[in-house]
Amino acid sequence: MQEAKRIQQLPPYLFARIEQKIEELKAMGKDVISLGIGDPDTPTPDLVIEELCRQAHFPEHHRYPSSVGMLQFRQAVADWYSQRFNVDLDPRSEIVTLIGSKEGIAHINLCYVNPGDYNLVPDPGYPVYGIGTLLAGGQVYPMPLLEEGGFLPDFSRIPEDTAAKAKLMFLNYPNNPTGAEASLEFFQEAVDFAREYDLIICHDAAYSEIYFGSDKPPSILEVKGAKDVAIEFNSLSKPYNMTGWRIGWAAGNSRVIDALGRIKSNMDSGQFQAVQAAGMAALKHAGENVVKMRRIYAERAKIVVDFLKEIGWNVKQPEATFYMWLPVPEGYTSTSFAEYVLEKSAVVLTPGNGYGKYGEGYFRISLTIETERLREAMERLKGVL
Ligand SMILES: *Cc1c(COP(=O)(O)O)cnc(C)c1O
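Residues numbered from 1 in each chain as written. Predicted model: local features only at pLDDT ≥ 70, side-chain atom pairs only at ≥ 80, totals over all residues. Heavy atoms only, no water.

A.B. asks: Sorry if this is basic, but what is going on with the overall build of the chain here?
C.D. replies: Each helix and strand counted, the chain has 13 helices and 12 strands in total. The C-alpha radius of gyration computed for the chain amounts to 21 Å, which stays within 12% of the reference 21 Å derived for 385 residues, consistent with globular compactness. Overall, the chain is about 55 × 55 × 55 Å in size when its C-alpha atoms are taken along their principal axes. Here the analysis covers contacts within the chain between residues at least 6 apart in sequence; of these, 75% occur between residues at least 24 apart. For the chain, the computed accessible surface area is about 17600 Å², with 50% contributed by carbon and sulfur atoms. Between the averaged position of the 39 positive side-chain charges in the chain and that of its 50 negative side-chain charges there is a distance of 3 Å. (Helix = DSSP H or I, 4+ residues; strand = E, 2+ residues; numbered from the N terminus. Rg over C-alpha atoms; globule rule 2.2 N^0.38 Å. Contact = heavy atoms within 4.5 Å. Areas by Shrake-Rupley, 256 points an atom, 1.4 Å probe, with all protein chains shown as cover. Lys, Arg positive; Asp, Glu negative; His and termini not counted. Charge placed at Lys NZ, Arg CZ, Asp CG, Glu CD.)

A.B. asks: How should the domain arrangement of the chain be read in this particular structure?
C.D. replies: Frequently, the measure chosen for interface size is the accessible area that the parts lose on association. Along its sequence, the chain is organised into domain 1 (5–43 + 288–384) and domain 2 (46–285). Each partner contributes to the interface: domain 1 provides 30 residues, whereas domain 2 provides 31 residues. The junction of domain 1 with domain 2 conceals about 2800 Å² of combined surface from both sides, 62% of it contributed by carbon and sulfur atoms. Among the residues domain 1 hides against domain 2, the three largest losses belong to R294, T321 and Y358. Together they make up 22% of the total. The interface formed by domain 1 and domain 2 contains zero salt bridges. Residue assignment for the side of domain 1 that touches domain 2 shows that the elements contributing at least two residues are α11 (287–310), β9 (323–327) and β12 (362–366). Among the elements that line the side of domain 1 that touches domain 2, the one with the most residues is α11, at six residues. (Domains from an automatic or database assignment. Buried area = accessible area lost by both parts, 1.4 Å probe. Salt bridge = Lys/Arg side-chain N within 4 Å of Asp/Glu carboxyl O.)

A.B. asks: Please explain the site of the ligand as it appears in this structure.
C.D. replies: Neighbouring residues of the ligand: 14 residues in total, closest D204, Y207, S237, K238 and R246. Note that an oxygen atom of the ligand is positioned 2.7 Å from one of the side-chain N or O atoms of R246. Class assignment for the residues of the shell around the ligand results in four nonpolar, six polar and four charged. (Near = heavy atom within 4 Å. Polar contact = N/O pair within 3.5 Å; in protein donor to acceptor, adjacent residues only side chain to side chain. Nonpolar A, V, L, I, M, F, W, Y, C, P; charged D, E, K, R; others polar.)

A.B. asks: Just to check I follow, could you spell out helix α10 (residues 273–285) for this structure?
C.D. replies: It helps to recall that an α-helix has 3.6 residues per turn; residues three or four apart then point in one direction. In a regular helix each residue adds 1.5 Å, so 13 residues correspond to 18 Å; α10 covers 18 Å between its end C-alpha atoms and thus fits that length. Burial within α10 is extensive, with 11 of its 13 residues counted as buried. Against α3 (46–56), α4 (71–85), β2 (95–98), β8 (248–252) and α11 lie the buried residues of α10. (Expected span 1.5 Å × (residues − 1). Buried < 20%, exposed > 50% of the residue type's maximum accessible area, 1.4 Å probe, protein only.)

A.B. asks: Could you clarify how one ought to interpret unusual backbone geometry in this entry?
C.D. replies: For residues that are not glycine, phi is negative in most cases, and the peptide bond is trans in most cases. With an omega dihedral of -10°, the bond running from Y173 to P174 counts as a cis peptide bond. You can see P174 is positioned in the loop between β5 (166–172) and α8 (184–197). Backbone torsion omega between N176 and P177 reads 15°, so that peptide bond is classified as cis. Locating P177 in the fold gives a position in the loop between β5 and α8. One non-glycine residue with positive phi stands out, namely D198, at about 55°. Locating D198 in the fold gives a position in the loop between α8 and β6 (200–204). The class of D198 is exposed, set by a relative accessible area of 68%. The backbone of R246 sits at a positive phi, close to 60°, despite the residue not being glycine. Mapping R246 onto the fold places it in the loop between β7 (230–235) and β8.

A.B. asks: Hey, could you run me through the packing of aromatic side chains in this one?
C.D. replies: Per the counting criterion, the structure on display carries 23 aromatic pairs. Between Y332 and F337, the aromatic rings sit 5.4 Å apart at their centres with planes inclined by 65°, giving edge-to-face as the arrangement. Here F337 falls in the buried class, since its relative accessible area comes to 1%. Ring-pair connections join several aromatic residues into one group, and the members of that group are F155, Y173, F186, F187, F193 and Y197. (Phe/Tyr/Trp six-rings, centres within 6.5 Å; stacked < 30°, edge-to-face > 60°.)

A.B. asks: For this particular structure, what's the right way to read the nonpolar core?
C.D. replies: If you look at soluble globular proteins, the nonpolar side chains tend to sit buried side by side. The biggest cluster of nonpolar side chains holds 57 residues, and the ones touching the most others in it are Y81, M169, F193, I201, Y240 and W249. Domain assignment of the residues forming this core places at least three in each of domain 1 (5–43 + 288–384) and domain 2 (46–285). (Core = buried A, V, L, I, M, F, W, Y, C linked by side-chain atoms within 4.5 Å.)

A.B. asks: I tried to follow the sheet that holds strand β11 (residues 350–351) on my own but got confused; where do I start?
C.D. replies: The pairing of strands in a sheet comes from backbone hydrogen bonds and takes either a parallel or an antiparallel form. With respect to topology, three strands assemble into an open sheet ordered β9-β12-β11, the strand pairing being antiparallel. Bordering the open sheet on either side are β9 and β11, each of which pairs with just one other strand. Two elements, β9 and β12, share five bridges in a ladder whose sense is antiparallel. Counted as the bridge partner of Y323 is S366 from β12. (Pairing = 2+ DSSP bridges.)

A.B. asks: Would you mind showing me how to read the pattern of salt bridges here?
C.D. replies: Oppositely charged side chains can pair when the atoms bearing their charge come close. Evaluation of the coordinates by the stated rule reveals 19 salt bridges. The residue R373 makes a salt bridge to D31 at a minimum N-O spacing of 2.9 Å. Of this pair, R373 sits in helix α13 (residues 371–382) while D31 sits in the loop between α2 (16–27) and β1 (33–34), and the two are 342 residues apart along the sequence. For R373, a relative accessible area of 22% corresponds to the partly exposed category. Classification of D31 by relative accessible area gives partly exposed; the value is 39%. With a shortest N-O distance of 3.1 Å, K382 and E379 are connected by a salt bridge. Placement of the pair is K382 and E379 together in helix α13, with a separation of three residues, close to one helical turn. A relative accessible area of 49% places E379 in the partly exposed class. Residues participating in the shared-partner salt-bridge network are D31, R373, E376 and R380.

Encoded structure:
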């Protein structure tokens, strides 16, 4: 049976060759250390797990949930926004619960993208923005994130006719994979641009709580009038070590939130209510966990920075996220460098071109690995870099 065009056009899986190499090394009995995966290694806080266990006993949770989420969960999100960003949100009309933010990032395309429409997509970027666009029949217009521009897109470089045709603009700060942060001034610029060209901003704030400086990353919804043109995705996955739980949300423009809810009500039936209740406990009571995680990631980043300085690389401590985005040495491409390091040291790095063509020439290290293993990885790199 012929597969549909939408799945045939999916880009080839860029990490396939690396994964094959990993398998070969493992088959040879090598101890492979992966710095590739961005998935917190420490467990979900106990109080969240305990709340899930308690809530799982309530029979009202055993029935179909609402596809847009429990009002109490959405209220907890609204309370969190109010405390963290001083942003007011109506939990009924301006927040929808998601089965992880990835789910909403993919589905939002079905709400607004007609075949042939353009979306503005950061490059390098989280692959779901572009793939979600393609699956809806849309086309990707890449916005280069360049080091000299602080890894922020330059809106003045987007051709006017492309901007006029575009439906959605994806943004993501703090940024995966570059670790860059955006200022409120930048978000203001984005909101002005979206207003001028009548497009919807989908800001992915999955790393809003993983920061190391004294300035907390802002929400795009702090910009006056942002709700006219923007929604923001966020998730419990990264701050509370809950990637497996699949719980997140979108917040902002009520018409966009309503459209996303209508697509969801036809495609899924929402998240298990006991998981939503546990998510509420995380938002309300697990703030200390986030403080602890920030300390752990900062300590790990320092191990990498100190090691790289020792061997003569000029590297700064990252501003945010649990990634480090670094240029490959002269004479290598992203892929050839990752393959070389893997072969020589059995350490897995992610080649930057996996996040888009402007990621070529970079590699990503994820700090979501036990501190001792990270130290060992750096030891192994000593002879190699
Ligand atoms: C991890 C991550 C997410 C979160 O995905 P969930 O589906 O909420 O687990 C979203 N965006 C980016 C850029 C990420 O790295």
